[in-house]
Structure formats: structure tokens, C-alpha cells
Amino acid sequence: MSETKQNIAIELVDVERSFGQQKVLNKINLAVREGTTTVIVGPSGQGKSVVLKHMLGLLQPDRGRVLVYGKDLARMRKSELKAVRQDFGVLFQNVALFDSLNIFDNVALPLRERTQAGEDEIRDNVREKLALMDLDGVEEKFPAQLSGGMKKRVGLARALVMKPRIVFFDEPTTGLDVSKSNEIYRLFFKTQARLKYTAVIVSHDVPKIFKLADYVALIHEGQILGNIPPEQFQLSDNPVIRAFVEETMGPIYSSEREERFFYEKV
């Protein structure tokens, strides 16, 4: 089936952005398909988080367009941008919980600030999202009383409490050990499958993050390479993608490619 604009949630078109003399994004083109998980990978300092901030409307491009459901963020009035962001959920790298608020109030905060929901509705919504994160019984605790993994789950509950259409994840497993990272990845998979939101994940956690991905895009020297399914990405013949895969995952995928080619010829 050919792709149409109707199933594109976010599209970056020839986006350029410089900071001083340094050009970070150089004609970035990227389409995020609705209902899928797109993972943006690349070495530190290549601009992954800058791409994310453009999608959120926190930065505007020097040139090019950032479209959310076909509408250019840079051309929106503040009221329009605010309305679009109602459909966004964000899990920050540092989670950004408020130490002075208990867990219930941390998760409830977006509902109280951005909706007219009554306290009964807020209570039911917050408890539902905490239960989805396997966090029953923590409502009265404070962030300092929770482990790093539990804080991440609270952050995800808060990101989902507004029932967003698009959820952004900025290095979501930073600071977690392997077992806690795997636990968070399982929660991502479960919640995305259940709630059907569009997910954009910026991550350095290769190859584990590929298990979540429908599409993988590599940012390299200010441009996007790939944006293809993880299996194709790992076996790509693009020399830059191939070098990234071999550096982060080893030569196993090159060996598999050569072996497959041999048997196909036979």
C-alpha cells in the first residue's frame, strides 16, 4: 500500500538549524508514521535531541518546515500551538518529577493545569495510568522514596495521562541498569500496543531499542539516513549505516548478509 499524507503524524521537510557557526541540522527530512514507533539513533552530539525539540515546537528551524498532521508548527499562533501540544506526551531523560509533590499529584498535574476535569475524573485517570505501570499503592509516596526505574514509570504514567496521540521519549533508559532498562522497554511495548499512540524515541541504547522500533533513523552529519524497519537497517548496504551497525552491534549482521547472499546464489 502506498503511503499517503493521511498516515503521517509528523514530517520534517528540509529542516535546517544552526547554533552560531555550527550547523546541526542540514536539510533533515523525516516522516513519522501514525501509530508506529520511530527510533532516532546516532552518536552523541549529532542532534538527536535537537530534532526532538523541533517536533515539540520548542525550537523553530532556520529553514524548512515541521508539520504535525500536516500543519506547520512555525506558522501557528500560540493558541494553536498550545492546542497541538495537548496531543503530546513527553518522557524526559531526567523524568522531571516535582520533589515537593507526591506521586499522585505529579501524575495529575497535566490534568489540573490543562483540562477542566473534576477531581473524581482525575483520580480515576491517574489510578488507571499508575496501574498500567504496575505502580498500585504509590500515590502518597514522594519521588525521593522511589527507585530510578519506578521514577521512569511514574514519568511514563504522567506522559500518558492526557491520552496523547504522540508520545516523545528522550533517552528514556539513561541511568538504569540492564534489567531495569528491559523492564521499561516492556512497558513501552505494552502501553503502545494497548493505547495505539505514535511514539518517537531518541536513544543510544542499540541494539535493545530496535526491539521496540517499527522504523529506525540514523542522524549523521546533520542528515537523516534510513528511516526503515530495524531488520533492513541492520542489514543495510549504506556504508554509513553499515559502519554504525558494526560499531554498535559488531560484525554479526555483515556475516548474516554474506551468508544469505551465498545461499540465495546457490
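Here the structure is shown first, and the text comes after it.
Colleague: Quick one: what's the story with the sheet that holds strand β4 (residues 63-68), residue by residue and with numbers?
Modeller: One open sheet accounts for four strands, arranged β2-β1-β4-β5; its pairing is antiparallel. Each of the sheet's edge strands pairs with one partner strand only, and the pair in question is β2 (22-33) and β5 (71-72). In terms of strand pairing, strand β1 (residues 8-19) meets β2 through eight bridges, oriented antiparallel. By the bridge assignment for β2, Ile-10 is matched with Val-32.

Colleague: How would you sum up the pairing of strand β6 (residues 88-91)? Please name residues and give values.
Modeller: Neither face of β6 is exposed, since Phe-88 and Val-90 on one face and Gly-89 and Leu-91 on the opposite face are all buried. Pairing analysis gives four bridges linking β6 to strand β7 (residues 166-170), with the strands arranged parallel. When the bridges of β7 are listed, Phe-88 appears paired with Ile-166.

Colleague: Tell me about the side chain of Ser-181, and please be specific about residues and values.
Modeller: Along the polypeptide, Ser-181 turns up in helix α6 (residues 178-195). When residues no more than four places from it in sequence are discounted, the contact partners of Ser-181 are Thr-173, Leu-176, Asp-205 and Lys-208.

Colleague: Tell me about the nonpolar core, residues and numbers included.
Modeller: Most often, soluble globular proteins have nonpolar side chains that are buried together. Counting 48 residues, the largest nonpolar core has Val-41, Val-126, Phe-169, Phe-188 and Phe-233 as its most contacted members. Not counting the four nearest positions on each side in its chain, Phe-188 is found in contact with Leu-91, Leu-156, Phe-169, Pro-172, Tyr-197, Ile-201 and Leu-212. Formed by 31 residues, the second largest nonpolar core is a distinct cluster that contains Leu-25, Ile-28, Met-55 and Val-200.

Colleague: Please set out the pairing of β4 residue by residue, giving values where relevant.
Modeller: Looking at chain direction, β1 and β4 are connected through five bridges and run antiparallel. For Glu-11, the partnering residue across the bridge sits in β4 and is Leu-67. Looking at chain direction, β4 and β5 are connected through two bridges and run antiparallel. Each bridged residue has a counterpart across the sheet, and for Val-68 the counterpart in β5 is Lys-71. Counting the residues that bridge the hairpin from β4 to β5 gives two residues, and of these Tyr-69 lies at a positive phi of roughly 50°.

Colleague: How would you explain the sheet that holds β6 if you had to name every residue and give the values?
Modeller: On the basis of which strands lie adjacent, the open sheet formed by six strands has the order β6-β7-β8-β3-β9-β10 and mixed pairing. Single-partner strands in this sheet number two, and they are β6 and β10 (223-228). Neighbour-to-neighbour, the strand axes of this sheet turn through a mean angle of 15°, independent of strand direction. Along the sheet face, helix α8 (residues 239-249) touches β3 (37-41), β9 (215-220) and β10 and points at about 100° away from the line of β9.

What counts and what doesn't
Residues numbered from 1 in each chain as written. Predicted model: local features only at pLDDT ≥ 70, side-chain atom pairs only at ≥ 80, totals over all residues. Heavy atoms only, no water. Pairing = 2+ DSSP bridges. Helix = DSSP H or I, 4+ residues; strand = E, 2+ residues; numbered from the N terminus. Buried < 20%, exposed > 50% of the residue type's maximum accessible area, 1.4 Å probe, protein only. Contact = heavy atoms within 4.5 Å. Core = buried A, V, L, I, M, F, W, Y, C linked by side-chain atoms within 4.5 Å. Axes fitted to C-alpha atoms, helices over the stretch in contact; angles between N-to-C directions.

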